[in-house]
Amino acid sequence: MHDVRMSRGARTLRAVVLALGAVAFLFPFYYMVIGSLQAKPDPTIAGAFPNPANITGENYAQINDRINLFQGLLNSGIFTAGVLIGTMVFGLLVGYALAQLQWRGRGVTFALALLVQVVPFQLLIIPLYVLIARDYGLADNYLGMILPFFINSTAVIIFRQYFLQLPRELFDAARIDGASELKLLWRIAIPLVRPALITVVLLTFIGPWNEFLWPFLVTKETSLQPLAVSLANYISNVASSASNPFGATLAGAVVLAAPVVVLFIVFQRYFISTDIGSGVKG
Amino acid sequence: MTDTLTAPVASRPPGAGKSSGDRHGRKRRPLGRNPLGLLFSAPYLLFVLAIFAYPLIYSVWISFHDFFFAAPGAQVDRPFVGFANFVTAFSDPAVIRSFGNVGIFLLINVPLTVVLSLLLATALNRITHFRGFLRVSYYIPYLTASVAVVAVWLFLFNGNGLVNQILGPLAPKPSWLISEQWAMPTIALFVTWKQLGFYILLYLAALQAVPKELYESAATDGAGGFRSFMSVTVPGVRPATVLVLLVSTVTGANLFTEPYLLTGGGGPNGASASPVLIMYQEGLQQGHPDVAAAIGVVLVIVVLGIAWLQNRFAGGRD
């Protein structure tokens, strides 16, 4: 590696830059947890360190009183599961068809999948709201939440990329033996791209789980709101009336962030940086 | 280990190796050799048509008509009004201001994003220790819900929050999020921080594709670290830079959650309102979807214009 040629000074500088970066990225998360455990908000510098005299779980109880955390997590889970099912079923089918089958319209379909990624969602919120919430009457409905995210196009492109790498001879041989395309997809293609599936599940998961604008627009019923929406409503409306508004808000934030962070850390060794690059570039 | 899997992108482009026999087959089978492909793709095509294509056209249609919310199923007259909705939208100073705000946002966010993510990716690319740990830590803000991290930033940047405690007398008054000058820059900083991990990964992937020999020959020519960074790395990752510019611009134009929550709906005095926030207020809260659609159409045209300029000046000739 060209590493050897770097001077000691350059290497130190690099280490400092990387360490500063890590602190800047991680500190707010550490602070989120610390803040969520403080009995009284302590914004001083000393407050950034755990203080046994000021630690409590009370904030979690308080936020749970105002917004039902379990219901919020459940709603986020249903919203996310719907998108995952749509993407894993229909996304895999398209990805396979784009990579391994020859059919009329394949080029157009691939071009559409690329184009969809640059369509700005802001232009769509008004017509989608009119169509889904008004015309189809799907406001305050899980289906209405899921619909605009049902099949993740980035996932489609990643699936295609991975299926393209599989040798076509493998499939041709099985076809001669009379296997159906669905069987080829299920028995040969999917088992061979398993690491890609994990990447796609993670990528797809964070979309609906973190989404705020759309579910915020279509759910007025609090019992149906995903956690991101109910926490946001808490921040913008009720936080001021709580005894420790920061503590309670941060406790909610920890609950919202934890599943994604844990999932990512557990599966990060399967997570391949290039996937995202190729997903966006196509 | 994973980085060796560099961009298998165009390894076998669709339609490559099409023989004349293929064309023959197409005559007999109008849907291609495996018409099943169309069946497999039908749900996705339907989805794209219903969720993207149709609403896109509908949005433009709404912006040119007198459109209001009516009871489902009710037959109402929606006359064509030409550019009236656009005139209404852009005679509102708040709308003009929101476009200016996004301009400020982009001027801070986009250059900062490009410089920091390339810098961190380059540094990260050459180390062997802690690589996995650092990659995860840089990526975590991107993975986390805006709503969750907004809560911490509110705590950090409020009047007597930690940031001001550290700055002491240097802290701006009024504080960051309630100051007309600082509200938008603080939001821009927040979004840069939150999205940076994604762009670092893009650059990391692009750096794998820069031939190592170029660095070696630059070193032979006596180029130091900085010189070889400027003359090998920067041109080598140019396609990624164009992509980073495009994605960060589109993300910036989509700004909604941050001004809605960090500055209590675009405050103070509309100094941090974004066009999407105004679209929400105008279209859904005040019931003028036609005016909101007009704002959306203009916003997209502006973004396309910026993207075209970026591509022209940063994209090079290729």
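These figures come from a predicted structure and were not determined experimentally.

### Section: the overall build of chain A
Part 1: Tallying secondary structure elements over chain A gives 14 helices and zero strands in all.
Part 2: Every one of the 282 residues in chain A was classed for burial, and the buried ones make up 56%.
Part 3: A sequence separation of at least 24 residues applies to 72% of the contacts in chain A between residues at least 6 apart.
Part 4: Only carbon and sulfur atoms are counted for the fraction: they give 67% of the accessible area of chain A, which is about 11500 Å².
Part 5: Here chain A contributes 18 positively and 13 negatively charged side chains, and the mean placements of these two sets differ by 11 Å.

### Brief notes about the domain arrangement of chain A
You'll often see interface size given as the accessible area lost when the parts meet.
Residue and element names in this part refer to chain A.
Part 1: Split into domains, chain A comes out as domain 1 (2-56) and domain 2 (67-281).
Part 2: In this assembly, nine residues from domain 1 lie in contact with seven residues from domain 2.
Part 3: Of all residues in domain 1, Met32, Ser36 and Pro41 give up the largest surface area on contact with domain 2, accounting jointly for 68% of the area buried on that side.
Part 4: The interface formed by domain 1 and domain 2 holds zero residue pairs in polar contact (both at pLDDT 80 or more) in total.
Part 5: Looking at the side of domain 1 that touches domain 2 residue by residue, the classes come out as five nonpolar, three polar and one charged.

### Re the environment of phenylalanine 216 of chain A
Part 1: For phenylalanine 216 of chain A, the location among the structural elements is in helix α11 (residues 213-218).
Part 2: Residue phenylalanine 216 of chain A is classed as buried on the basis of its relative accessible area, which comes to 6%.
Part 3: Residues phenylalanine 216 of chain A and phenylalanine 29 of chain A, spaced 187 residues apart in sequence, show a C-alpha to C-alpha distance of 24 Å.
Part 4: Sequence-distant contacts of phenylalanine 216 of chain A, that is, excluding residues within four places in its chain, are made with Val229 and Asn233 of chain A together with Phe256, Tyr260 and Tyr280 of chain B.

### Digging into helix α10 (residues 225-236) of chain B
Residue and element names in this part refer to chain B.
Part 1: Among the residues of α10, Ser228, Phe229, Val232 and Thr233 are the ones counted as buried. Seen end-on, α10 carries its buried residues on one side only, within an arc spanning 120°. For α10, the exposed residues lying more than 90 degrees away from the buried face are Phe226 and Arg227.
Part 2: In this structure, the buried residues of α10 make contact with α4 (93-125), α8 (183-208) and α9 (212-220).

### Thoughts on the pattern of salt bridges
Part 1: Scanning all chains against the criterion turns up three salt bridges over all chains.
Part 2: Connected through shared salt-bridge partners, Asp172, Arg175 and Glu181 of chain A make up one network.

### Observations concerning the environment of glycine 37 of chain B
Part 1: Mapped onto the secondary structure, glycine 37 of chain B falls in helix α2 (residues 36-63).
Part 2: Residue class for glycine 37 of chain B comes out buried when judged on its relative accessible area of 0%.
Part 3: Sequence-wise, glycine 37 of chain B and valine 152 of chain B are 115 residues apart; in three dimensions their C-alpha atoms are separated by 48 Å.
Part 4: Residue contacts for glycine 37 of chain B: discarding those within four places in its chain leaves Ala97, Leu101 and Trp103 of chain A.

### Points about empty space enclosed by the protein
All names here are of chain A.
Part 1: For the structure shown, the criterion picks out three cavities of 30 Å³ or more.
Part 2: Lining the largest cavity are Ile34, Leu37, Gln38, Asp42, Ala46, Gly47, Phe49, Pro50, Asn51, Asn54 and Ile55.
Part 3: Grouping the constituent residues of the lining of the largest cavity by class yields six nonpolar, four polar and one charged.

### Thoughts on the nonpolar core
Part 1: Residues Met32 and Phe163 of chain A are the most contacted members of the largest nonpolar core, which totals 183 residues.
Part 2: When residues of this core are assigned to domains, at least three map to each of domain 1 (2-56) and domain 2 (67-281) of chain A.
Part 3: Beyond its immediate sequence surroundings of up to four residues, methionine 32 of chain A is in contact with Leu250, Ala253, Val254 and Ala257 of chain A together with Ala148, Val149 and Val152 of chain B.
Part 4: Within the second largest apolar cluster, five residues are counted, among which are Leu123 of chain A together with Ala294, Val297 and Val300 of chain B.

### Brief notes about the packing of aromatic side chains
Part 1: Evaluated as defined, the whole model comprises 44 aromatic pairs over all chains.
Part 2: Judged by centre distance (5.2 Å) and plane angle (25°), the rings of phenylalanine 27 of chain A and tyrosine 31 of chain A are stacked. Residue phenylalanine 27 of chain A and its partner tyrosine 31 of chain A are both found in helix α1 (residues 8-36); the two are separated by four residues, about one turn of the helix.
Part 3: For the ring pair phenylalanine 64 of chain B and phenylalanine 86 of chain B, a centre distance of 5.2 Å and an interplane angle of 45° mean the geometry is tilted. Here phenylalanine 86 of chain B lies in helix α3 (residues 84-90) and phenylalanine 64 of chain B lies in the loop between α2 and α3, a separation of 22 residues in the sequence.
Part 4: Classification of phenylalanine 86 of chain B by relative accessible area gives buried; the value is 11%.
Part 5: Counting every residue linked through ring pairs, the aromatic cluster contains Phe29 of chain A together with Trp153, Phe157, Trp176, Trp182, Phe190 and Trp193 of chain B.
Part 6: When the ring centre of phenylalanine 110 of chain A is taken as origin, the NZ or CZ atom of arginine 160 of chain A, which lies over that ring, is 3.7 Å away.
Part 7: Its end group placed over the ring of phenylalanine 216 of chain A, lysine 220 of chain A keeps NZ or CZ at 5.5 Å from the ring centre.

How each quantity is defined
Residues numbered from 1 in each chain as written. Chains lettered and ligands numbered in written order. Predicted model: local features only at pLDDT ≥ 70, side-chain atom pairs only at ≥ 80, totals over all residues. Heavy atoms only, no water. Helix = DSSP H or I, 4+ residues; strand = E, 2+ residues; numbered from the N terminus. Buried < 20%, exposed > 50% of the residue type's maximum accessible area, 1.4 Å probe, protein only. Contact = heavy atoms within 4.5 Å. Areas by Shrake-Rupley, 256 points an atom, 1.4 Å probe, with all protein chains shown as cover. Lys, Arg positive; Asp, Glu negative; His and termini not counted. Charge placed at Lys NZ, Arg CZ, Asp CG, Glu CD. Domains from an automatic or database assignment. Buried area = accessible area lost by both parts, 1.4 Å probe. Polar contact = N/O pair within 3.5 Å; in protein donor to acceptor, adjacent residues only side chain to side chain. Nonpolar A, V, L, I, M, F, W, Y, C, P; charged D, E, K, R; others polar. Arc of directions from axis to C-beta. Salt bridge = Lys/Arg side-chain N within 4 Å of Asp/Glu carboxyl O. 1 Å grid on protein atoms, 1.4 Å probe; cavity = no way out; pocket = protein on both sides within 12 Å on 5 of 7 lines; lining within 4 Å. Points joined across faces, edges and corners; volume = space filled by probe spheres on them. Core = buried A, V, L, I, M, F, W, Y, C linked by side-chain atoms within 4.5 Å. Phe/Tyr/Trp six-rings, centres within 6.5 Å; stacked < 30°, edge-to-face > 60°. Lys NZ or Arg CZ within 6 Å of the ring centre and 35° of its normal.

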